Every structure is written in C-alpha cells, then in structure tokens.
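Descriptive structure summary
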Amino acid sequence: MKRIHIFKAGNHTSSQGQSLSFTEDHLKASVEAYDPSLHEAPIVIGHPKGNAPAWGWVSSLSYGEDGLTASPDQVDANFEELVQAGRFKKVSASFYPPDSANNPVPGVFYLRHVGFLGAQPPAIKGLKGVDFPKMN
C-alpha cells in the first residue's frame, strides 16, 4: 500500500486556533521517535474525542522533501472503498506535544493519529492526495 503524505514543515494553526511552528528537525525527530510498540497511531475518521474505531494503523513514518509520510497497515477494506470513492479525500495528523504528560516519547512531537476528513477542510493545505490501490 502506498504511503500517505500526512504533514509538512511550517507555521500551522490548529482548528482550536493554536499556532505552532514545525521545523524539518522537528519532523525528523518525530520519525526517529516513532515506535508502534510504544504507541501505534490509529487511522481514524476526523479527530475523534472518544473511543471511535480505528480503520487502520500507522506502521512507520518517514521524512522526505515533501514532509512526513505514514505507512498504513491493517486498513479496513470498507474504509479503503470509502476513500477510493472520494468520501475522505484529505488527511490531518494529530501529534502529542513534546511536553504532554501522555506523550510516549517526551521532548518530540509524537504522532497521535491520522484523521481522514470528509467535508471538513484540513488545517494544512497542499498535502498530496491519498491513493489506496483499487480493490479487485
């Protein structure tokens, strides 16, 4: 399955109005810190506040010239169909802040989840579209 472009360096404003600056070094540190045995980031719909289902999992992160990409794993086939049909075309990554008490690796921005968005536009514009392979 293809990697998902989830984030890029820059000054970003969250949906709650909080402005944060993410450097390339921040993103590289996030890649180095990511360990699914500590916290495996779920693939979710939107940014759930409760115990919503995971539609897949992020097995690894990588950094490139476009920013962060995630390797999806165990993606639900029905969810893949919804993405292919264009129901959830955009993504939005959520991170534990470096100083969060719940952060599995304090001191870095650690991936919390990757939210797939329908009608809600993402805070970070210009991420590459998601391309799950067509189901047979």
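A brief look at the structure comes next. It should be emphasised that the depicted structure is a prediction, and the values quoted were computed from it without experimental measurement.

Let us look at the nonpolar core. In this structure, Ile 6, Phe 7, Val 58, Leu 61, Val 91, Leu 111 and Phe 116 are the most contacted members of the largest nonpolar core, which totals 31 residues. Secondary-structure elements contributing two or more residues to this core are strand 1 (4–7), helix 1 (24–33), strand 5 (56–64), strand 6 (67–73), helix 2 (77–84), strand 7 (90–96) and strand 8 (110–117). If we ignore the near neighbours within four places in the chain, the residues touching Val 58 are Tyr 34, Pro 36, Glu 40, Ala 41, Ile 43, Ala 70, Ser 71, Leu 111 and Val 114.

What follows concerns the pattern of salt bridges. One pass over the structure, following the stated rule, counts one salt bridge. A salt bridge links Lys 128 to Asp 66; the nearest nitrogen and oxygen atoms lie 2.5 Å apart. One end of the pair, Lys 128, is in the segment after strand 8; the other, Asp 66, is in the loop between strand 5 and strand 6, and 62 residues separate them in sequence. We classify Asp 66 as partly exposed; its relative accessible area is 34%.

Calculation rules
Residues numbered from 1 in each chain as written. Predicted model: local features only at pLDDT ≥ 70, side-chain atom pairs only at ≥ 80, totals over all residues. Heavy atoms only, no water. Core = buried A, V, L, I, M, F, W, Y, C linked by side-chain atoms within 4.5 Å. Buried < 20%, exposed > 50% of the residue type's maximum accessible area, 1.4 Å probe, protein only. Helix = DSSP H or I, 4+ residues; strand = E, 2+ residues; numbered from the N terminus. Contact = heavy atoms within 4.5 Å. Salt bridge = Lys/Arg side-chain N within 4 Å of Asp/Glu carboxyl O.

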